[in-house]
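An overview of the molecular structure
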Amino acid sequence: MKTKITELFGIKHPIIQGGMHYVGFAELAAAVSNAGGLGVITGLTQKTPSDLAKEIARCRQMTDKPFGVNLTFLPTVTSPDYPGYIDAIIDGGVKIMETAGRNPEAYLSRLQNAGIKIIHKCTSVRHALKAETLGCDAVSIDGFECGGHPGENDIPNMILLPRAGEELTIPFVASGGMADGRSLVASLSLGAEGINMGTRFIATKEAPVHENVKKAIVAASELDTRLIMRPLRNTERVMNNPAVEKLLQKEAMLGNTIQFEDILEEVVGVYPKIMKEGNMDAGAWSCGMVAGLIHDIPTCRELIDRIMSEAEEIIQNRLRSMLS
Ligand SMILES: Cc1cc2nc3c(=O)[nH]c(=O)nc-3n(C[C@H](O)[C@H](O)[C@H](O)COP(=O)(O)O)c2cc1C
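Residues numbered from 1 in each chain as written. Predicted model: local features only at pLDDT ≥ 70, side-chain atom pairs only at ≥ 80, totals over all residues.

**Details of the pairing of strand E2 (residues 39-42)**
Side-chain alternation along E2 places Gly39 and Ile41 on one buried face and Val40 and Thr42 on a second face that is also buried. By the bridge criterion, 4 bridges tie E2 to strand E3 (residues 67-73) in an arrangement that is parallel. Bridging across to E3, glycine 39 finds its partner in phenylalanine 67. The parallel pair E2 and E3 is bridged by helix H3 (residues 49-62), and the resulting crossover is right-handed. (Buried ≥ 20, exposed ≤ 12 C-beta atoms within 10 Å, placed from the backbone. Helix = DSSP H or I, 4+ residues; strand = E, 2+ residues; numbered from the N terminus. Pairing = 2+ DSSP bridges. Right-handed = clockwise from strand over helix to strand, strands pointing away.)

What follows is the structure in structure tokens.
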């Protein structure tokens, strides 16, 4: 399949693996890229810029295909060493970046001068337009369904994607709720040039996370995620568990007086415990509603090949037959 996204990034299939904290290591990024998609290393999971440089080098040993690095610009008080991470990306010869969180304006010209293509992930048409104005090459539109941070507007992809199509000139991919060939064809119909998947890629053989995480996703239904941190205007969609229920009780009790400090126990430092140790109740971890559509743990190649053949079958047979 050829779309503006496959052309832009030099990839075979219009399928991107979004950056994921403590999931997006070199093993997963390389597996996705080797299968013809675009794998992405999660920059901030690497504790220092020099760790990121090593991770990029490790990924390069595992694939000769294009891969990207995600850099998430967090609204934190003590900012990570973004200039250092950007040096590691440029010096590592990476040519594609997925930016997220705040817009990448401050770093854009350096990145572009280094020949890096930028896909900025955002949750509203307004932010997508801003990214376009700044000169980003593409955007990833994260609908309300998505795992992680869906923003505060709660617009699902059925509306958000065609709205993006009405306003944008640069290509965009559909993110949030994507799992299979049906998702891909639907997204293309709504104006997207491809799909970005998070949760679906965690439940793959190569995802370097504990088996308990993969099993939890397969076992979950579309009813099993919750939105946390809404009163802090930092809404996150996570898998429900006792820690999340405790956090939601605190939110209900404290109302608008809640501070980030009140929920530290449930959200800070929990990712290694969950993703590496498989302690599924250690805290809140991002997960999309799409868990309801995930029933197996294939390899990345099996998953991507299946998505592409399902999409082709839908377009060539199901849709075409409706016209005749
Ligand atoms: C466990 C997990 C961790 C994530 N971490 C990040 C992150 O660090 N930076 C980021 O930009 N997006 C992050 N995301 C969001 C994904 O890149 C992607 O946009 C989202 O998962 C798409 O929705 P889906 O899960 O329905 O496919 C994360 C998602 C998950 C499930």
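**Details of the sheet that holds strand E7 (residues 172-175)**
With parallel pairing, the 8 strands of this open sheet are ordered in space as E1-E8-E7-E6-E5-E4-E3-E2. Because the sheet does not close on itself, it has two edges, and the strands there are strand E1 (15-17) and E2. In this sheet, adjacent strand axes meet at a mean angle of 30 degrees when their direction is disregarded. In the sheet, E7 pairs with strand E8 (residues 195-197) via 2 bridges, with the strands oriented parallel. Across the sheet, residue serine 175 finds its bridge partner in E8, namely asparagine 196. The strands touched by helix H2 (residues 26-34) within the sheet are E1, E2 and E3, with E2 carrying the most contacts at an inclination of about 165 degrees. (Axes fitted to C-alpha atoms, helices over the stretch in contact; angles between N-to-C directions. Contact = placed C-beta atoms within 7 Å.)

**Here's the deal with the site of the ligand**
With respect to spatial proximity, 29 residues lie near the ligand, and among them Gly18, Ala100, Gly147, Gly198 and Gly288 are the closest. Elements that contribute at least two residues to the shell around the ligand include exactly E3, E8 and helix H9 (199-202). Here the residues of the shell around the ligand sort into 9 nonpolar, 16 polar and 4 charged. Both domains that furnish three or more residues to the shell around the ligand are identified here as domain 1 (4-204) and domain 2 (212-289). (Near = placed C-beta within 6 Å. Nonpolar A, V, L, I, M, F, W, Y, C, P; charged D, E, K, R; others polar. Domains from an automatic or database assignment.)

**Considerations on the environment of histidine 210**
Within the secondary structure layout, histidine 210 lies in the loop between H9 and helix H10 (211-219). Along the chain, histidine 210 and lysine 65 lie 145 residues apart, while their C-alpha atoms are 26 Å from each other. The residues touching histidine 210, leaving out its near neighbours within four places in the chain, are Met275, Lys276, Glu277 and Gly278.

**Considerations on the domain arrangement of the chain**
Segmenting the chain into domains produces domain 1 (4-204) and domain 2 (212-289). In this structure, domain 1 and domain 2 have C-alpha centres spaced 23 Å apart. In this complex, domain 1 contributes 17 residues to the contact, which on the side of domain 2 involves 15 residues. Class assignment of the residues belonging to the side of domain 1 that touches domain 2 gives a composition of 6 nonpolar, 9 polar and 2 charged.

**Looking at the environment of arginine 110**
The residue arginine 110 is located in helix H5 (residues 105-113) in this model. Given 15 C-beta atoms within 10 Å, arginine 110 falls into the partly exposed group. With 27 residues separating them along the chain, arginine 110 and proline 83 place their C-alpha atoms 9.9 Å apart.

**A few points about the packing of H2 against H3**
Between H2 and H3, whose axes approach to 9 Å, the crossing angle comes to 35 degrees. For the pair H2 and H3, the sense of crossing is right-handed. On H3, the residues that touch Ala26, Ala29 and Ala30 of H2 are Glu55, Arg58, Cys59 and Met62. Tallied by class, the residues present in the contact of H2 with H3 amount to 5 nonpolar, no polar and 2 charged. (Left-handed = near helix turned anticlockwise from the far one by under 90°.)

**Observations concerning helix H11 (residues 242-254)**
Helix length check: H11 (13 residues) gives 18 Å between terminal C-alpha atoms against 18 Å at 1.5 Å per residue, within 8%. Every buried residue belonging to H11 is among Ala243, Val244 and Leu247, and all of these are buried. Along H11, the residues classed as buried sweep out an arc of 100 degrees about the axis, all on the same side. For H11, exposure combined with an orientation more than 90 degrees from the buried face picks out Pro242, Glu245, Gln249, Ala252 and Met253. Of the residues one or two after H11, glycine 255 is the one with positive phi, at around 55 degrees. (Expected span 1.5 Å × (residues − 1). Arc of directions from axis to C-beta.)

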